[in-house]
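Now for the letters of each chain:
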There are 2 protein chains.
Amino acid sequence: MARISQIEKTTPPSEVSGTEPQSVGFRQREKIIRAATGVFSQKGYDGARVEEIAQRAGLPKGNVLYYYKTKKNLYRVVIEQVLSLWLEALGDISADDDPCDAISKYIRRKLDLSRHYPEASRLFAIEIIGGAPVIGEHLRGRLRDWVAQKGAIFHAWQQEGRMAPIDPAHAFFMIWAVTQTYADFQAQIEAVISPADYDAEVYEKGAPGVTAALVRGLGLSSKKQPLR
Amino acid sequence: MARISQIEKTTPPSEVSGTEPQSVGFRQREKIIRAATGVFSQKGYDGARVEEIAQRAGLPKGNVLYYYKTKKNLYRVVIEQVLSLWLEALGDISADDDPCDAISKYIRRKLDLSRHYPEASRLFAIEIIGGAPVIGEHLRGRLRDWVAQKGAIFHAWQQEGRMAPIDPAHAFFMIWAVTQTYADFQAQIEAVISPADYDAEVYEKGAPGVTAALVRGLGLSSKKQPLR
DNA sequence: CTCACTTTTGACCGAATGGTCAACTTTCGG
DNA sequence: CCGAAAGTTGACCATTCGGTCAAAAGTGAG
């Protein structure tokens, strides 16, 4: 479950009103955000119509605008929430960890994210493809720092010969690309393998092999048997 | 040919008129397609405005609609052209090839595509994320067939122990994901590594390591030294 | 040059859509 | 039970945008 932590500067009608988990506004906002995530992720910002978001949320359009003053503002709230989800999932990778184990877990975490929040993943993708106009700053801030930090750990592992000598940043790009492709390119994958059950086929049958391939590709070894 | 074209109402200036490489129409169409690819790839179908496409092509809006009757039609032409490019690049992989060599070459081909046609890649991505409404049929047809055919080759390699036992289709998904991420997620990658020269940094410095990791991950071996 | 056809262009139109608003209803502390 | 604040609603407005059109300009064969 995604935490709906609403922290916005432009609080709708009056001050901090519908923010308390019990209030009517809170539930409405939740419904709206869920609907908006779905519509934005499929149509992109411009393609999404406020009217459609409202319908999905089971509310009249005017009510949606009541809570989130403008479409743009609503989009910002949604995309930032998705980013939070994404950044949380980055999780921890510690230098003391067993490389193979740590990265396997990380990959699993990312795959779970794709599996359970495919719309969020797609929305994120659309935002990036469009040049990340809204979350660009965050990427250049938090994400960049995270990569720099974890990259140092990778580097250490590489010095010890427990990871292949690949640029740490690119290692992440690979992992992200592969794990997210199952959410973002679901339509293509379905077209190619026509699974009866996408979820099972991909995340249960396919995932182990893919994870193994990534770990092998990154040359990750367990403590007991160092690389080469 | 003049009289014949008069009858057709649905096709702009007759489907066959502006098609000859020398005619005025041909060059105009070319300019329009180029402009449209750029705008569609950045804004998606709905976000793209015909007016903007026209401006980029250096033409009045009316002229664009003159050649491509509707925005939708223009989009179809553009996306199908992109798909052709994508399918062409699939190229040939033969059972007789050395696995390591063949896949390395294939990866390079895909990377070149991302490098030289990033907009096409992004447009393709947007189409897929949106559920592939226009090219879905093609994916279920040509692409699916291609994957089935090449998958058989992978299977043969695996029987010989020259490729890791990963589902062939997923092997392709991995390769596609990784190679396309450099075009599709350029904004994110730039945010993380702030390269002075994206092209050089990614495709010259980063590519070799990434290619190696993929090949290693897929457990591809040259003929001389079989896997395991 | 003439004539038939193609291409260009900007004015214009109707539909769609984001956003406003005022009237109305619900909620809830005191 | 009262009253103020929060929330609901649909009508309405202004703008945007895809598409049409007619008139003008270009083109090229005979």
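Further up the page is the structure itself.
I will try to describe carefully the structure that is included in this document. Sequence order sets the numbering: in each chain, residues are counted from 1 along the sequence as written. Labels are handed out in written order, letters beginning with A for the chains and numbers beginning with 1 for the ligands. The model is predicted, so local features are restricted to residues of pLDDT at least 70 and side-chain atom pairs to those at 80 or more, both for listing and for counting; the totals for chains, interfaces and linings are taken over all residues. The basis for every side-chain value is the complete set of heavy atoms in the structure, and neither hydrogens nor water enter the calculation.

Some details on the pattern of salt bridges
Residues and elements named next belong to chain A.
(1) Moving on: The salt bridge definition used is simple: a Lys or Arg side-chain nitrogen within 4 Å of an Asp or Glu carboxyl oxygen. A complete count under the given rule lists 17 salt bridges over all chains for this structure.
(2) Moving on: As a salt-bridge pair, Glu52 and Arg49 come within 3.5 Å of each other at their nearest N and O atoms.
(3) Moving on: Here Arg115 makes a salt bridge to Asp199, at a shortest N to O gap of 2.8 Å. You can see Arg115 sitting in helix H5 (residues 99-116) and its partner Asp199 sitting in helix H10 (residues 198-217), a full 84 residues away along the chain.
(4) Moving on: Each member of the salt-bridge network shares a partner with another, and the members are Lys43, Arg49 and Glu52. A run of DSSP states H or I qualifies as a helix once it reaches four residues; a run of E qualifies as a strand once it reaches two. Both are numbered from the N-terminal end.

Quick look at the environment of His138(A)
(1) Moving on: With respect to the secondary-structure elements, His138(A) resides in helix H7 (residues 136-159).
(2) Moving on: Residues count as neighbours in contact if any of their non-hydrogen atoms are within 4.5 Å of one another. If near-sequence neighbours (up to four positions away) are discounted, His138(A) is found in contact with Glu80(A), Leu83(A) and Leu143(A).

Side note on empty space enclosed by the protein
(1) Moving on: With a 1 Å grid spanning the protein atoms alone, the term cavity applies to any set of points in which a 1.4 Å probe fits but cannot get out, the term pocket to an open set with protein on both sides within 12 Å along at least five of seven lines, and the term lining residue to any residue with an atom within 4 Å of a point. Grid points are joined across faces, edges and corners, and a volume is the space filled by probe spheres set on the points. Inspection of every chain in the model, using the stated rule, returns three cavities of 30 Å³ or more.
(2) Moving on: As for the largest cavity, its lining consists of 15 residues, of which Ala177(A), Asp184(A), Phe185(A), Asp184(B) and Phe185(B) are closest to the centre.
(3) Moving on: The set of elements that each furnish at least two residues to the lining of the largest cavity consists of helix H6 (118-129) and helix H8 (168-184) of chain A together with helix H7 (118-129) and helix H9 (168-184) of chain B.
(4) Moving on: Counting residues per element, the lining of the largest cavity draws most heavily on H8(A), which supplies five residues.

Some thoughts on the nonpolar core
(1) Moving on: Grouping buried Ala, Val, Leu, Ile, Met, Phe, Trp, Tyr and Cys residues that are joined through side-chain atoms within 4.5 Å yields what is termed a nonpolar core. Buried, partly exposed and exposed residues are distinguished by accessible area as a fraction of the type maximum, computed with a 1.4 Å probe on protein chains only: under 20%, between the cut-offs, and over 50%, respectively. Core analysis: the biggest nonpolar cluster contains 149 residues, and Leu74(A), Trp176(A), Tyr182(A), Leu74(B), Trp176(B) and Tyr182(B) have the highest contact counts within it.
(2) Moving on: In terms of residues, this core owes the most to one element, helix H4 (residues 71-88) of chain A, which gives ten residues.
(3) Moving on: For Tyr182(A), the contacting residues outside a window of four places in its chain are Leu111(A), Ile189(A), Tyr198(A), Val202(A), Tyr203(A), Val210(A), His170(B) and Phe173(B).

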